[in-house]
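Topology and contacts: notes
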Amino acid sequence: MVINLKILFKNTTKYNGAIYIEFLQFHEKKYGLKYTLYTILIIVLLLFLVIMQIKFHRIDTAIIICFVITCFFLWRYFHPASEVAKDFKSEKIQNEQEFTFLFYEKHLKVRDKLQSYRIKYHQLYKVFETPTFFYLYLDKTHSLLLNKETFSIGSSDEFSDFIRKKCWYKFKKDKKK
């Protein structure tokens, strides 16, 4: 049995602060409103519980729910900010770490200086194409960033067609910068 391991596309992208900020702006545009609306909905529901507790003269329970609301709001605000700060200070951004992406027929490989791992296309959460990057989301918050200008095997247009076919129901093209 012969296994076809022909590299169809190769991209090497250097992660730095500028492309990370561009990714954060993209991510905020795609998911920020949903995150904010979800937070508001939960707080409104918890405030309704406070009002009901006060109406039934359960002040101690109302105080506990107010404490929960405060903790929830602070966590929803400060947790993402701390995650971004942690990622921005990470070695891959601060040292401008370089990642190589190799695309085969059934999977892709991601390599850096220390390690390599394999991902099957069906494992990708979403794929977005912008005028300058491909963002291959692994889950709701983590993404592989591929600079369109750094393909050494294949072109970004050919890759766009390829990844659209592999992830047709997960692929979205963002025409705005």
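Residues numbered from 1 in each chain as written. Predicted model: local features only at pLDDT ≥ 70, side-chain atom pairs only at ≥ 80, totals over all residues. Heavy atoms only, no water.

1. Digging into unusual backbone geometry
Under the convention used in this document: Secondary structure elements follow DSSP: runs of H or I no shorter than four residues count as helices, runs of E no shorter than two count as strands, and numbering proceeds from the N terminus.
Within the chain, histidine 57 stands out as a residue other than glycine whose phi angle is a positive 60°. Take histidine 57: it is sitting in the loop between helix H1 (17–55) and helix H2 (59–88).

2. Remarks on H2
Rules: A helix is expected to reach a length of 1.5 Å times the quantity of its residues less one. One axis is fitted to the seven residues ending at the residue and one to the seven starting there. The bend at that residue is the angle between these axes. It only takes one pair of heavy atoms within 4.5 Å for two residues to be counted as in contact.
Compared with the 44 Å implied by 1.5 Å per residue over 30 residues, the 43 Å span of H2 between its first and last C-alpha is a close match. A bend of about 25° at tryptophan 75 is the largest found in H2. The inward-facing, buried residues of H2 contact H1.

3. Regarding the state of the cysteines
The following threshold applies: Disulfide assignment relies on a single distance test, namely cysteine sulfur atoms paired within 2.5 Å. Whether a residue is buried, partly exposed or exposed follows from its accessible area with a 1.4 Å probe, protein chains only, as a fraction of its type maximum: under 20%, in between, or over 50%, in that order.
One pass over the structure, following the stated rule, counts zero disulfides. Cysteine 71 takes part in no disulfide bond, and the closest cysteine sulfur, belonging to cysteine 66, lies 11 Å away. With relative accessibility at 35%, the residue cysteine 71 sits in the partly exposed group.

4. A few points about the sheet that holds strand S5 (residues 126–129)
Let me state the cut-off plainly: By definition, two strands form a pair when at least two bridges between them are found by DSSP. Axis definition: a line fitted to C-alpha atoms, over the contacting stretch in the case of helices. Angles run 0 to 180 degrees between N-to-C directions.
The sheet built from four strands is open, its strands ordered S7-S6-S5-S9 with mixed pairing. Each of the sheet's edge strands pairs with one partner strand only, and the pair in question is strand S7 (143–147) and strand S9 (171–173). On average, each strand axis in the sheet is tilted by 15° relative to the strand beside it, whichever way the strands run. The pairing of S5 with strand S6 (residues 133–137) spans four bridges and is antiparallel. When the bridges of S6 are listed, phenylalanine 128 appears paired with tyrosine 135. Helix-sheet contacts for H1 involve S5, S6 and S7, and the interaxial angle to S6 is about 65°.

Geometry only, nothing functional implied.
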